[in-house]
Amino acid sequence: MKTNLQRLLLAIMYTLFIVGMISFYQEQLWIMFLSFVGFAVFSVQYARACKEESEEELEDEREKNQSLSEKYDEIKERNNRMKTEFENQVELKQRKIEAADNEISNLSNRLDEAIRFDDIKGILPDTARFAEDFDAISITPVIRRVLRSFHDRMKDAGIVMQISEPEEEVFARADEENLKILFKNIIDNSIKFMGHNGKIIVTVTKAVDEVIVVIRDTGEGVPEDELKHIFEINYQGSNAIGGTGLGLAQANAIVEYLDGAIYAKSSKEDGMGIFIHLKAE
């Protein structure tokens with residue numbers, strides 16, 4: 001856009017140009033010379049005025065761009081701050097949800113444990129002991145005491161007892177009374193189903209952080225399809241010889257209470273084997 005100064009310079013230039021041309025036709029050379037000199041001078045002034053205007057417009061444009069850039073940076077910073085606050089709020093809510101889920105899971109586990117504990121207590125004899133913490137119990141002496149309690153019965157039945165143990169004493173996290181019930185029930189079950197003239201072999205070993213007790217007998221064993229049911233309450237297989245069916249169920253409950261594992265293997269050639277894994281002390 002032309003300024004007033006530019007318009008004035010253009011008007012003077014046009015005027016001098018016209019005067020110069022008229023003077024040229026009228027052969028008034030000195031007037032023509034002065035007119036064209038003035039035209040040249042004002043042309044320079046006009047060019048300078050245009051340059052200054054362009055520089056001013058460029059500076060204005062630069063200032064506008066700077067202002068827009070600052071506003072953009074301000075908006076960007078505000079958006080980033082809002083985004084960060086939003087992400088923090090989301091993360092905080094996620095943490096609260098995770099904490100709530102963990103609490104619910106812990107409560108559910110405690111409830112399951114309480115139900116399991118009640119189930120265990122329900123099938124164990126009155127002599128069973130329930131402690132908040134376990135002791136370090138030497139396994140072999142407990143097994144020997146239980147075996148001695150069956151001495152006369154095994155002698156009358158012609159059953160031989162054999163125990164294999166490591167040279168070093170092996171300790172498990174348990175309590176003696178429950179261990180007695182555990183081993184008594186399993187050995188009683190072996191004697192009952194083995195009949196006469198057999199052998200009971202007890203093996204005690206320690207592997208890393210657990211104690212493994214294996215109680216084998218040389219009886220006929222249990223059919224494969226019945227093996228997975230022998231630890232169930234009141235279960236009596238096809239070779240049942242009376243009783244309540246609680247012996248191995250109680251043994252399983254005690255091992256669960258001691259946070260261990262128990263399972264059985266059986267075949268007609270090798271008889272029955274009960275494998276007990278307890279936490280070592």
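*Asks:* Help me out: how do you make sense of helix H3 (residues 139–149) in this one?
*Replies:* Along an α-helix, residues three or four apart share an orientation, since each turn contains 3.6 residues. Taken residue by residue, H3 has Ile139, Thr140, Val142, Ile143, Val146 and Leu147 as its buried positions. Viewed end-on, H3 has its buried residues packed into an arc of 160°, placing them on one side of the element. Looking at H3, the residues exposed on the side facing more than 90 degrees away from the buried face are Arg148 and Ser149.

*Asks:* What is the right way to look at the packing of helix H5 (residues 176–194) against helix H7 (residues 247–257) in this model?
*Replies:* Between H5 and H7, the least distance of the axes is 9 Å, while the angle of their chain directions is 145°. Handedness of the crossing formed by H5 with H7: left-handed. Each of Asn178, Ile181, Leu182, Asn185, Ile186 and Asn189 in H5 lies in contact with H7, whose residues at this interface are Gly247, Leu248, Gln250, Ala251, Ile254, Val255 and Tyr257. Considering only residue class, the contact of H5 with H7 consists of 8 nonpolar, 5 polar and no charged.

*Asks:* What exactly am I supposed to notice about the nonpolar core here?
*Replies:* As a rule of thumb, nonpolar side chains are buried together in soluble globular proteins. Judged by nonpolar contacts, the single largest core of 46 residues is most densely connected at Ile139, Leu179, Phe183, Val213 and Ile276. Counting residues per element, this core draws most heavily on H5, at 8 residues. Residues in contact with Leu179, not counting those within four places in the same chain, are Ile137, Ile139, Val142, Ala174, Leu258 and Leu278.

*Asks:* How do you make sense of the packing of aromatic side chains when you look at a structure like this?
*Replies:* The tally for this structure, following the rule as stated, stands at 1 aromatic pair. Here Tyr263 and Phe275 contribute two aromatic rings whose centre-to-centre distance is 5.1 Å and whose plane-to-plane angle is 5°, an arrangement assigned as stacked. In this pair, Tyr263 sits in strand S6 (residues 261–267) while Phe275 sits in strand S7 (residues 271–279), placing the two residues 12 residues apart along the sequence. Its guanidinium or amino end placed over the ring of Phe275, Lys265 lies 5.2 Å from that ring's centre, counting from NZ or CZ.

*Asks:* Is there a simple way to explain the packing of H3 against H5 in this structure?
*Replies:* Relative orientation and spacing of two packed helices are given, respectively, by the angle between their axes and the distance between those axes. Packing of H3 against H5 leaves a shortest axis separation of 9 Å and a crossing angle of 50°. Comparing the axis directions of H3 and H5 gives the class oblique. Like other packed secondary-structure pairs, H3 and H5 cross with a definite hand, here right-handed. Here H3 contributes Ile139, Val142, Ile143, Arg145, Val146 and Leu147 to the contact with H5, which in turn contributes Glu176, Leu179, Lys180, Phe183, Lys184 and Ile187. Residue composition of the contact of H3 with H5, grouped by class: 8 nonpolar, no polar and 4 charged.

*Asks:* Which parts of the structure should I look at to understand the pairing of strand S5 (residues 210–217)?
*Replies:* The two faces of the sheet receive side chains in turn, since in a regular strand these alternate between them. Of all 8 residues that make up S5, 6 are buried, and the element is covered over most of its length. With 8 bridges connecting them, strand S4 (residues 199–207) and S5 associate as antiparallel partners. Considered in S5, the bridge of Ala207 is made with Glu210. Where S4 folds back on S5, the antiparallel hairpin that results is connected by 2 residues, among which Val208 adopts a positive phi of roughly 55°. With 7 bridges connecting them, S5 and S7 associate as antiparallel partners.

*Asks:* What should I look at first to understand H5 in this one?
*Replies:* Over its 19 residues, H5 extends 27 Å from the first C-alpha to the last, a length consistent with the 27 Å expected when each residue adds 1.5 Å. Residues of H5 that are buried include every one of Asn178, Leu179, Ile181, Leu182, Phe183, Asn185, Ile186, Ile187, Ser190, Ile191 and Met194, and no others. Immediately beyond the C-terminal end of H5, within one or two residues, lies Gly195, with a positive phi of roughly 80°.

Calculation criteria
- Residues numbered from 1 in each chain as written.
- Predicted model: local features only at pLDDT ≥ 70, side-chain atom pairs only at ≥ 80, totals over all residues.
- Heavy atoms only, no water.
- Buried < 20%, exposed > 50% of the residue type's maximum accessible area, 1.4 Å probe, protein only.
- Helix = DSSP H or I, 4+ residues; strand = E, 2+ residues; numbered from the N terminus.
- Arc of directions from axis to C-beta.
- Axes fitted to C-alpha atoms, helices over the stretch in contact; angles between N-to-C directions.
- Left-handed = near helix turned anticlockwise from the far one by under 90°.
- Contact = heavy atoms within 4.5 Å.
- Nonpolar A, V, L, I, M, F, W, Y, C, P; charged D, E, K, R; others polar.
- Core = buried A, V, L, I, M, F, W, Y, C linked by side-chain atoms within 4.5 Å.
- Phe/Tyr/Trp six-rings, centres within 6.5 Å; stacked < 30°, edge-to-face > 60°.
- Lys NZ or Arg CZ within 6 Å of the ring centre and 35° of its normal.
- Parallel < 35°, antiparallel > 145°, perpendicular 65-115°, else oblique.
- Pairing = 2+ DSSP bridges.
- Expected span 1.5 Å × (residues − 1).

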